[in-house]
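So the chains spell out like this:
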Amino acid sequence: QGLALARADALIIENLNLELRQGEALHVRGPNGAGKSTLLQALAGLLTPAAGSVQRQAEEPPGFLGHQNGLLPDLSAGENLRLYADCGLPANTHTLERLGVNAFIDKPVRSLSQGQARRVALALACRSAQALWLLDEPFAGLDQATVDSLADLFTTHLQQGGGLVFSSHDRSLPGARVLQLRPAVDQHQHGAHSAAA
């Protein structure tokens, strides 16, 4: 409500109002520098807003995926998954299967392709116990078969009452609402960002 976000002491998002209900997906779009990643970080509680507030009804922390995969390169994919599980963040077995992670689970992360490493990170962010998934460019670096599997995973999550907020330049989901962000220089010419259910 009334969300304002700053980067390098300059406001990039002002007076943003939006509501996401169970079973809904929100596609955040906009050019580079418009604040897509910053918004997702704020929704995840990783950034303090310059003004306004973010409120979540779910007790579980959201699943979050940023531009970086958050994996230790010298460990295997499986060792990374076990490390997160030991911290109370276990990946879902069904999600691992859907994303095909088991095919390279014993390989060191540093030897994985960009798409393979992204699949491991997605499995960690898209845990079924999480009511809300916040994903920054989740389709980046993935082949078409994995994109299709991921879209199916998202659809199932929404059908089960979960929520999804994601950014993407070139892909969307059927039925997803769109929040179009503009560069800060355009905000004052066209009015503040706003979206509501």
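About the cut-offs
Residues numbered from 1 in each chain as written. Predicted model: local features only at pLDDT ≥ 70, side-chain atom pairs only at ≥ 80, totals over all residues. Heavy atoms only, no water. Helix = DSSP H or I, 4+ residues; strand = E, 2+ residues; numbered from the N terminus. Rg over C-alpha atoms; globule rule 2.2 N^0.38 Å. Buried < 20%, exposed > 50% of the residue type's maximum accessible area, 1.4 Å probe, protein only. Contact = heavy atoms within 4.5 Å. Areas by Shrake-Rupley, 256 points an atom, 1.4 Å probe, with all protein chains shown as cover. Lys, Arg positive; Asp, Glu negative; His and termini not counted. Charge placed at Lys NZ, Arg CZ, Asp CG, Glu CD. Core = buried A, V, L, I, M, F, W, Y, C linked by side-chain atoms within 4.5 Å. pLDDT = per-residue confidence, 0-100. Pairing = 2+ DSSP bridges. Axes fitted to C-alpha atoms, helices over the stretch in contact; angles between N-to-C directions. Salt bridge = Lys/Arg side-chain N within 4 Å of Asp/Glu carboxyl O.

## Regarding the overall build of the chain
Phase 1: A tally of helices and strands in the chain yields six helices and seven strands.
Phase 2: In summary, the chain has a C-alpha radius of gyration of 17 Å against a globular reference of 16 Å for 197 residues, a match within 12%.
Phase 3: If you line up the chain on its principal axes, its C-alpha atoms span 50 × 35 × 30 Å.
Phase 4: A burial count over the chain gives 42% of its 197 residues as buried.
Phase 5: Across the chain, the fraction of contacts at a sequence separation of at least 24, relative to all contacts at a separation of at least 6, is 70%.
Phase 6: Here the chain has roughly 10000 Å² of accessible surface; of this, 48% comes from carbon and sulfur atoms.
Phase 7: Both charge centroids of the chain, one from 15 positive and one from 18 negative side chains, sit 3 Å from each other.

## Regarding the nonpolar core
Phase 1: By size, the foremost hydrophobic cluster in this structure holds 32 residues, and its most contacted members are V101, V120, L122, L135, L150, F154 and L164.
Phase 2: No other element matches helix α4 (residues 114-125), which puts seven residues into this core.
Phase 3: Other than its neighbours up to four places away in sequence, L164 contacts L20, E24, A25, L26, L132, W133, L135, F154, L158 and L173.
Phase 4: One finds A34, L39, L40 and L132 within the second-largest nonpolar core, a separate group that totals 18 residues.

## Here we look at the environment of D148
Phase 1: Mapped onto the elements of the fold, D148 is located in helix α5 (residues 144-159).
Phase 2: Its relative accessible area of 40% is what places D148 among the partly exposed residues.

## Examining the confidence of the model for the chain
Phase 1: Per-chain confidence: the chain averages 89 in pLDDT, with 93% of residues scoring 70 or above.
Phase 2: Note on residues 187-197: pLDDT is under 50 here. Beyond four places in sequence and across chains, it has 37 contacts.

## Some thoughts on the sheet that holds strand β6 (residues 163-167)
Phase 1: Taken in spatial order, the five strands line up as β4-β5-β6-β3-β7 in an open sheet, and their pairing is parallel. Either end of the sheet is taken by a strand with one partner, and the two such strands are β4 (63-65) and β7 (177-180). Adjacent strand axes in the sheet meet at a mean angle of 15 degrees when their direction is disregarded.
Phase 2: Relative to the sheet, α4 contacts β4 and β5 (132-136), its axis offset from that of β4 by approximately 155 degrees.

## So, the pattern of salt bridges
Phase 1: In total, this model carries three salt bridges according to the counting rule given.
Phase 2: With a shortest N-O distance of 3.5 Å, R177 and E24 are connected by a salt bridge. Of the two residues, R177 is situated in strand β7 and E24 in the loop between β2 (10-16) and β3 (25-29); the sequence distance between them amounts to 153 residues.
Phase 3: The partly exposed category is assigned to R177, whose relative accessible area is 23%.
Phase 4: Notably, a salt bridge pairs R110 with D74, separated by 2.4 Å at the nearest N-O pair. Taken together, the positions of R110 in the loop between α3 (93-98) and α4 and D74 in the loop between β4 and α2 (77-86) put the pair 36 residues apart, joining distant regions of the chain. Grouping residues by exposure puts R110 and D74 together as exposed.

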